[in-house]
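# Structural description and commentary
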Amino acid sequence: MAAAHVQSSGRQSISTGPSTVAPPSMAAAQAGRLKDAQLVVAVHDDAADFFRSDVKLVDVASGAIVGQLGGQSSAHTSAAAGLICLVPTGTSGSAVRVFNPATGSVTDIPAGPTAAHCGLNPQFSYVFAQVPATKEYKLLRIVTSKDYNDNPRQQSCDVLTLGGLGQRWRPAPSPLVLLSTTIPRHRAVTAGFAHFLTTTRTIGYDGIASFDLEKEEWRLSLLQGPLPSESRNCCHSSLSLVELNSRLVFVHHNYLSYCIDMWVLADLGKSTWFKIQSLHLGSILRGWEEPDKGQPVPLIPMTRPLKEIFAQPLMMLDDGRIAFWVAFPNSSLRLYDPKTCKCEDVVDMGKACGMVGLYKGSQVGLA
């Protein structure tokens, strides 16, 4: 489905900087310069209102903010194939908002009432993606019901097709095992599949559940992760899944060995992975100088001042450099050069800012 199939209910301007609002013609003037740019979609929360945020398009190479949609009331924001999806607060009858940076249009889609979900304090998580075979945009929602001790008890799923008939949530099969949904970096979308780290291990390895977005069903078997569970030397939160240049990549922050290890999935059916990088933590994150050999290394890093604890790989540029998003204590965008083993700061996004998607300039009309 092309973006034009979603009917627009209103239009808002795209700004060319953090605070200056400009008409769409100004964004068009940048087209030639940015058509080949790699863009990060970032969400900056409003310090005065937890449920309001600004959506920004950031040029990976320069750090320049080339587009912005301010003051959005959203509990969840995600991006896919040129569109940005904002799910508002509330769980019943709320419209899903879709922003098209190419045109500046903002579309509200009446999703209708949601299906009933059992359990105490249900927790909602979302994945927004485009199906490669049909070009449809779909939103997958996973609802986690909890028991009286606030432990996950069961999960159910719904799917919404943007521009589809009725545009209402419809039930989808529940996952075969409990998924890790509270940490955004524990999920990624590649090649029409939404992948989730699970709370279940498969024969000593971390399990990954995969949802087929076209068929709207779960793969019957779990994908086996590349790293034996006893070898990760840390808790589950040290793992992440990312889409790196259209491939699924498994990332492990090995704090005992002072390195970030990365594997790429070669065969989904056979759970075949190849290790592609092992980067020294100190080359990406601040505060990770070489350890004192006489002192024990903690399994979980201490958050003392100036010590950063996590870097998410975003994309590999044409010149071989790798873009990373560092989220704590401040959010920042960095470029790592494998030739020099050094990292360059591109832009500091401050606190309360998260990364929700990646684009090429041509995907958002900058062509």
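Reference entry: report on the structure contained in this document. (Residues numbered from 1 in each chain as written. Predicted model: local features only at pLDDT ≥ 70, side-chain atom pairs only at ≥ 80, totals over all residues. Heavy atoms only, no water.)

Its location among the elements puts His253 in strand β19 (residues 247-254). We classify His253 as buried; its relative accessible area is 0%. When sequence neighbours within four positions are dropped, the list of residues in contact with His253 reads Ser238, Cys259, Ile260, Leu281, Leu285, Ile309, Phe310 and Ala311. (Helix = DSSP H or I, 4+ residues; strand = E, 2+ residues; numbered from the N terminus. Buried < 20%, exposed > 50% of the residue type's maximum accessible area, 1.4 Å probe, protein only. Contact = heavy atoms within 4.5 Å.)

Here the focus is the pattern of salt bridges. Enumeration according to the criterion identifies 10 salt bridges in this entry. In this structure, Asp345 and Arg286 form a salt bridge, with 2.5 Å as the shortest nitrogen-oxygen distance. Of this pair, Asp345 sits in strand β25 (residues 342-350) while Arg286 sits in the loop between β21 (272-280) and β22 (311-316); the two residues are 59 residues apart in sequence, bridging distant segments of the chain. Accessibility expressed as a relative area gives 32% for Arg286, which makes it partly exposed. (Salt bridge = Lys/Arg side-chain N within 4 Å of Asp/Glu carboxyl O.)

Attention now moves to the packing of aromatic side chains. Applying the stated criterion to the full structure yields 6 aromatic pairs. An angle of 70° between the planes, with centres 6.0 Å apart, marks the rings of Phe250 and Trp263 as edge-to-face. One end of the pair, Phe250, is in strand β19; the other, Trp263, is in strand β20 (residues 259-267), with 13 residues separating them in the sequence. For Trp263, a relative accessible area of 9% translates into the label buried. An aromatic cluster is present here, built from Phe196, Phe211 and Trp218 joined pairwise through their rings. A cation over an aromatic ring shows up here: Arg141 above the ring of Trp169, its NZ or CZ 4.0 Å from the ring centre. (Phe/Tyr/Trp six-rings, centres within 6.5 Å; stacked < 30°, edge-to-face > 60°. Lys NZ or Arg CZ within 6 Å of the ring centre and 35° of its normal.)

Moving on, we come to unusual backbone geometry. Phi is positive for Ala191, which is not a glycine, with a value near 50°. Within the fold, Ala191 resides in the loop between β13 (187-190) and β14 (193-202). For Ala191, a relative accessible area of 65% puts it in the exposed group. Phi is positive for Cys341, which is not a glycine, with a value near 60°. In this structure, Cys341 sits in the loop between β24 (331-337) and β25. For Cys341, a relative accessible area of 47% gives the class partly exposed.

An order of β18-β19-β20-β21 is seen for the 4 strands of this open sheet, with the pairing classed as antiparallel. In the strand order of this sheet, the two ends are held by β18 (239-244) and β21, each with one partner. Across the sheet, the mean angle separating the axes of adjacent strands is 25° when strand polarity is ignored. Relative to β21, β20 runs antiparallel, the two sharing 8 bridges. The residue of β21 that forms the bridge with Asp261 is Ser278. (Pairing = 2+ DSSP bridges. Axes fitted to C-alpha atoms, helices over the stretch in contact; angles between N-to-C directions.)

For the rest of this paragraph, the subject is the side chain of Arg334. Along the polypeptide, Arg334 turns up in strand β24. For Arg334, the residues in contact, after removing those within four places along its chain, are Ile284, Leu285, Arg286, Glu308, Ile322, Ala323, Phe324, Val326, Cys343, Glu344, Asp345 and Val346.

Strand order across the open sheet formed by 4 strands is β22-β23-β24-β25, with antiparallel pairing between neighbours. Lying at the two open borders of the sheet, with one neighbouring strand each, are β22 and β25. Strand-to-strand twist across the sheet, computed as the mean angle between neighbouring axes with direction ignored, equals 25°. Direction of pairing for β24 relative to β25: antiparallel, over a ladder of 7 bridges. By the bridge assignment for β25, Asp337 is matched with Lys342.

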